[in-house]
Amino acid sequence: MAQSETAAAREWITGLKPGTWFWSRDIPVRPEIARPVLSRLCADKSINIQKLARGLYWRGYPEGHERHWDSPPSYIGGLMLGGPGAGLWGWSALNLLEWTLQLPVKHNICVVGRPPKPISVELQYHTSSNDRRKSLNWTEVTVLEALSWFKYTEEPWHECLEHLCNGQSANKLGWNLPVRPSLLRWAAEGENDVTVETMYKIDEIAAVFPNPPKRAA
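Rules used throughout
- Along each chain, numbering runs from 1 in the same order as the chain's sequence is written.
- The model is predicted, so local features are restricted to residues of pLDDT at least 70 and side-chain atom pairs to those at 80 or more, both for listing and for counting; the totals for chains, interfaces and linings are taken over all residues.
- In computing side-chain properties, one takes all heavy atoms of the structure into account and sets aside hydrogens as well as water.
- Secondary structure follows DSSP: runs of H or I at least 4 residues long count as helices, runs of E at least 2 residues long count as strands, and numbering of each begins at the N terminus.
- Here's how the labels work: a residue is buried when its accessible area is under 20% of the maximum for its type, exposed when over 50%, partly exposed in between, all with a 1.4 Å probe on protein chains only.
- Pairs of residues are marked as contacts when any of their non-hydrogen atoms sit within 4.5 Å.
- Using a 1.4 Å probe, accessible areas were evaluated by the Shrake-Rupley method; residue-level cover was limited to the displayed protein chains.
- Counting rule applied: Lys, Arg positive; Asp, Glu negative; His and chain ends not counted.
- Charge positions come from single atoms, namely NZ of Lys, CZ of Arg, CG of Asp or CD of Glu.
- A pair of strands is treated as paired once DSSP finds two or more bridges between them.
- Pairs of N or O atoms are called polar contacts if they sit within 3.5 Å, as long as, within protein, a hydrogen donor faces a hydrogen acceptor (for residues adjacent in sequence, only side-chain-to-side-chain pairs).
- Per residue, pLDDT measures the predictor's confidence, with a range of 0 to 100.
- Here an angle of 0 to 180 degrees is reported between the N-to-C directions of two axes, which are lines fitted to C-alpha atoms, with helices fitted over the stretch in contact.

1. Some remarks on the overall build of the protein
Along its length, the protein carries nine helices and six strands. Along the first, second and third principal axes, the C-alpha atoms of the protein reach 65 × 40 × 35 Å. With 217 residues in all, the protein has 45% of them scored as buried. For the protein, restricting intrachain contacts to residue pairs at least 6 apart in sequence, the fraction spanning at least 24 positions comes to 62%. Summed over all atoms, the accessible surface of the protein reaches about 12000 Å², with 52% contributed by carbon and sulfur. The distance from the centre of the 24 positive side-chain charges to the centre of the 23 negative ones in the protein is 9 Å.

2. Describing unusual backbone geometry
In this structure, asparagine 48 is a non-glycine residue whose phi angle is positive, near 70°. Looking at the element boundaries, asparagine 48 is found in the loop between α2 (31-43) and β2 (49-53). Its identity is not glycine, yet asparagine 176 carries a phi of approximately 55°, on the positive side. Locating asparagine 176 in the fold gives a position in the loop between α7 (168-173) and α8 (181-188).

3. Remarks on α8
Extensive coverage of α8 is indicated by the burial of six of its eight residues. Residues of α8 that are buried make contact with α5 (138-148) and α9 (196-208).

4. A short note on the pairing of strand β5 (residues 107-112)
Counting buried positions along β5 yields five of six residues, so the element is predominantly enclosed. Sheet topology places β5 next to strand β6 (residues 123-128); six bridges connect them, and they run parallel. Directly across from isoleucine 109, in β6, lies its bridge partner tyrosine 125.

5. Let's talk about the side chain of asparagine 95
Secondary-structure assignment places asparagine 95 in helix α4 (residues 90-96). Classification of asparagine 95 as buried rests on a relative accessible area of 10%. From its side chain, asparagine 95 meets the backbone oxygen of glutamine 102 in a polar contact 3.1 Å long. Look past the residues within four positions of asparagine 95 in its chain and what remains in contact with it is Thr100, Leu101, Gln102, Leu103, Pro104 and Lys172.

6. Notes on the environment of alanine 207
Secondary-structure assignment places alanine 207 in helix α9. On the basis of relative accessibility, which here comes to 65%, the residue alanine 207 falls in the exposed class. Taking the C-alpha atoms as reference points, alanine 207 and arginine 10, 197 residues apart in sequence, are found 48 Å from one another.

7. Some words on the confidence of the model for the protein
Residues of the protein with pLDDT of at least 70 account for 95%, and the chain-wide mean is 91. Overall, residues 212-217 carries pLDDT values under 50, and its contacts beyond four positions in sequence, including any with other chains, amount to eight contacts.

8. Overview of the environment of asparagine 171
Mapped onto the secondary structure, asparagine 171 falls in helix α7. A residue is classified by how much of its surface remains accessible, and asparagine 171, at 61% relative accessible area, is exposed.

9. Points about the sheet that holds β2
The strands making up a sheet are joined through hydrogen bonds of the backbone, oriented either antiparallel or parallel. A sheet is described by the order of its strands in space; here three strands give the open sequence β1-β3-β2, paired in antiparallel fashion. Where the open sheet ends on each side, the last strands, each with one partner, are β1 (20-23) and β2. Taking the axes of each pair of neighbouring strands and ignoring which way they run, one obtains an average angle of 30° across the sheet. Pairing geometry for β2 and strand β3 (residues 56-59), over four bridges, is antiparallel. Residue pairing for β3: lysine 51 is matched across the bridge by tyrosine 57. Packing against the sheet, α2 makes contact with β1, β2 and β3, and its axis sits at approximately 115° to β2. Its contacts with the sheet put helix α3 (residues 74-82) on β1, β2 and β3, and the angle it makes with β1 is roughly 25°.

Encoded structure:
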């Protein structure tokens, strides 16, 4: 007998790796089937499915697991809600890249255009008018922000560059998205207040990254 859509939805959701964020639209069944399944699973605290915003959910650790009480990292949800062009902003960018030890009071996120409603009091949104950022991933926007705030870091540039290029910064960020130097430069050229120093630093990033991908025409 073919599996029902309700059973398929439940199996897909509960089969997600703990710590996974997902959108309700990702569930491979009709929305009218997915909604009540999600509602029931969110009500079952032993399974630990949490709704953080409209359509956005987090698969926590099930009851009995030592990490059952872990909370979802709000800044990841904030980035997901931020849409294309989102990334960490200011001190948050510098700290997560390990370019400074200064820890911001809140997770600062920059988005292109109108910011969404924060899902937590720990989040604060900032806006950019540079539409070119929409072609960048979270890491690239975060690097662009960190470069614009570089004067505030206590770390020398050669160490920051080494952290970025040896993967140390990527490991701290945790989402394993690459830096594409040519695309980063193209986006930086669209910034309102980009400096010559920032462009030089992007050139240095490009020089040490092996075979940086070219921007699509």
